[in-house]
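Results of the structural survey
As a plain string of letters, each chain reads:
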Amino acid sequence: MVIPWRLAWLLLVGASAVGCSRAAASVPPAGGDERRDTGFAVVELFTSEGCSSCPPADDVLRDITSEASRTGRRVYPLAFHVDYWNSLGWPDPYSSEMATRRQESYARVVDQKGMYTPEMVVNGRDAFVGSSGPRATHSIASALLRSEGARISLQAKRVEAGVSVDFTFSTPPAHGTVLRIALIEPETSSRVTAGENAGKTLRHANVVRDFQTVQVDGAKGGRAALHAQAPPNGAVIAFLQDPETMEMVGAAEAQLQR
């Protein structure tokens, strides 16, 4: 079988995660250190239903999502399903070329030799194997202790054409900074009938269904439109990011209003 070039590195790195047991991840518990938190953590998981190493990482992201909801910590999980596994037996229904391009951007910035799944990236700078719950917990804890550069106020509502998003910033972002806006489906699942995960029912959290980049150019706010159909109980997660370094300086989440 001819292996796509993107999978050469994937199979080398991903092999270390095959067969590993689930390692739970959690947002650091609320309590005595809660008042020290001044930051946020955007947690991006690059995953695929066609990859046998990915279900444990999907479980880790679900744990992170559940814990963030319980504690109220400013942790924003995102599941990006890449499309480069689709030719190996199972076309992931949540996959997109957009997700693959986004992972390629990180590979260039963090100087990876290639791409692999599952990969997790926290706040655009800390990249690691996504099935490592302890590693995710440590990265999130570090991100929460760093000061946020700009606060985002966010409102999102369903409209006939999709979703309308209004945003304002506490301070105008630096020139060149962009606003990334993700429309997420909080809970979904698939019964996989082919490929490496054949016979399994896979559960996912915060799957990205639409993703837009808005050029803000130092503005104090604005409005954006997402054209995908809004999922039930959907939400929008937005974050400010430097497209050159991929560093993030602010993030927020809003439930979709009618």
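Higher on the page you've got the structure.
These numbers come from a predicted model, not from an experiment. All chains use their own residue numbering, which begins from 1 and follows the written sequence. The model is predicted, so local features are restricted to residues of pLDDT at least 70 and side-chain atom pairs to those at 80 or more, both for listing and for counting; the totals for chains, interfaces and linings are taken over all residues. Excluding hydrogens and water, the side-chain values take into account all heavy atoms of the structure.

**A look at the environment of Asn206**
- Along the chain, the position of Asn206 falls in strand β9 (residues 201-215).
- The buried label applies to any residue whose accessible area, calculated with a 1.4 Å probe on protein chains only, is under 20% of its type's maximum; exposed applies above 50%, and partly exposed to all values in between. Its relative accessible area of 5% is what places Asn206 among the buried residues.
- The sequence separation of Asn206 and Glu185 amounts to 21 residues, and the corresponding C-alpha distance is 5.1 Å. In this description a helix means any DSSP run of H or I spanning at least four residues, a strand means any run of E spanning at least two, and both kinds are numbered starting from the N terminus.

**A word on the pattern of salt bridges**
- Counted as salt bridges are all cases of a side-chain nitrogen of Lys or Arg within 4 Å of a carboxyl oxygen of Asp or Glu. In total, this model carries 9 salt bridges according to the counting rule given.
- The partner of Glu148 in a salt bridge is Arg74, and the shortest N-O contact between them spans 2.9 Å. Pair noted here: Glu148 is in the loop between α4 (133-144) and β6 (152-159) and Arg74 is in the loop between α2 (54-71) and β2 (75-82), with a separation of 74 residues, a long-range link.
- By relative accessible area, Arg74 is classed as buried at 17%.
- The residue Glu185 makes a salt bridge to Arg209 at a minimum N-O spacing of 2.4 Å. Highlighted residues: Glu185 in strand β8 (residues 178-191) and Arg209 in strand β9, separated in sequence by 24 residues.

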